[in-house]
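Given next are the chains, with one letter for each unit.
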Amino acid sequence: LYYLLYKKRQNPKDGNYKIYCRVRLGTQKFSFSTNLSTKIELWDTSGNFVIGKNRAANNINNGLSIIKSDIHKLYQKISLGDKPFNLIDIKNQYLG
């Protein structure tokens, strides 16, 4: 699980780039929007978080932590079951 900035628009009007989450399981992967955004210069690509101690950075980083935790919990729940599963099962349960 990691996050990436969506850079399709080279210069967004407000300077904020959308943060996407990418989930991998083996060779399968899917991405979805976190509905969060940040300025590119505040994004730590190696740590996958927003740099800073201000309220906005804390809110974004807390949101990313919640997403990560929710996906890990869902993976644990599904993997403990008797049925085989794949990433599509996780995606469908997480995104609804």
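Every value quoted in this text rests on a predicted model; they were computed, and no experiment measured them.

Caption draft 1: The packing of aromatic side chains, seen in detail. Counting across every chain of the model gives three aromatic pairs. Centroid distance Phe30 to Phe32: 5.8 Å. Interplanar angle 25 degrees. Geometry classified as stacked. Grouping residues by exposure puts Phe30 and Phe32 together as buried.

Caption draft 2: Just helix H2 (residues 87–95), in detail. The residue sitting at the N-terminus of H2 and contributing the capping side-chain oxygen is Asn86; that oxygen lies 3.0 Å from the backbone nitrogen of Ile88. The positive-phi residue at the C-terminal boundary of H2 is Gly96, with phi of around 85 degrees.

Caption draft 3: Layout of the nonpolar core. Ranked by size, the top nonpolar core spans 17 residues in total, and within it Tyr3, Cys21, Val23 and Phe32 carry the most contacts. Where this core is concerned, the elements lending two or more residues are strand S2 (16–25), strand S3 (28–39), helix H1 (55–79) and H2.

Caption draft 4: Representation of the environment of Asp44 within the structure. Assignment of secondary structure puts Asp44 in strand S4 (residues 43–44). Judged by its relative accessible area of 19%, Asp44 is buried. On a C-alpha basis, the gap between Asp44 and Leu4 in space is 9.8 Å, while along the polypeptide they are 40 residues apart. Not counting the four nearest positions on each side in its chain, Asp44 is found in contact with Phe49 and Ile51. Within polar-contact distance, the side chain of Asp44 engages the backbone nitrogen of Gly47 at 2.8 Å.

Conventions we followed
Sequence positions are assigned chain by chain, starting from 1 and proceeding in written order. Reporting of local features is limited, given that this is a predicted model, to residues whose pLDDT is at least 70; pairs of side-chain atoms are given and counted only at 80 or more, and all residues count toward the totals for whole chains, interfaces and linings. For the side-chain quantities, the full set of heavy atoms in the structure was used; hydrogens and water were omitted. Aromatic contacts are taken between Phe, Tyr and Trp rings whose centres are within 6.5 Å, Trp giving its six-membered ring; a plane angle under 30 degrees counts as stacked, one over 60 as edge-to-face, and the others as tilted. A simple rule labels every residue: compare its accessible area, found with a 1.4 Å probe on the protein chains alone, to the largest value its type can have, and call it buried under 20%, exposed over 50%, or partly exposed in between. Polar contacts here mean pairs of N or O atoms no more than 3.5 Å apart (in protein, one a potential hydrogen donor and the other a potential acceptor; neighbouring residues in sequence count only if both atoms are side-chain atoms). Helical segments are the DSSP runs of H or I of at least four residues, strand segments are the runs of E of at least two, and each set is numbered from the N terminus. Residues belong to one nonpolar core when they are buried, are Ala, Val, Leu, Ile, Met, Phe, Trp, Tyr or Cys, and are joined through side-chain atoms within 4.5 Å. It only takes one pair of heavy atoms within 4.5 Å for two residues to be counted as in contact.

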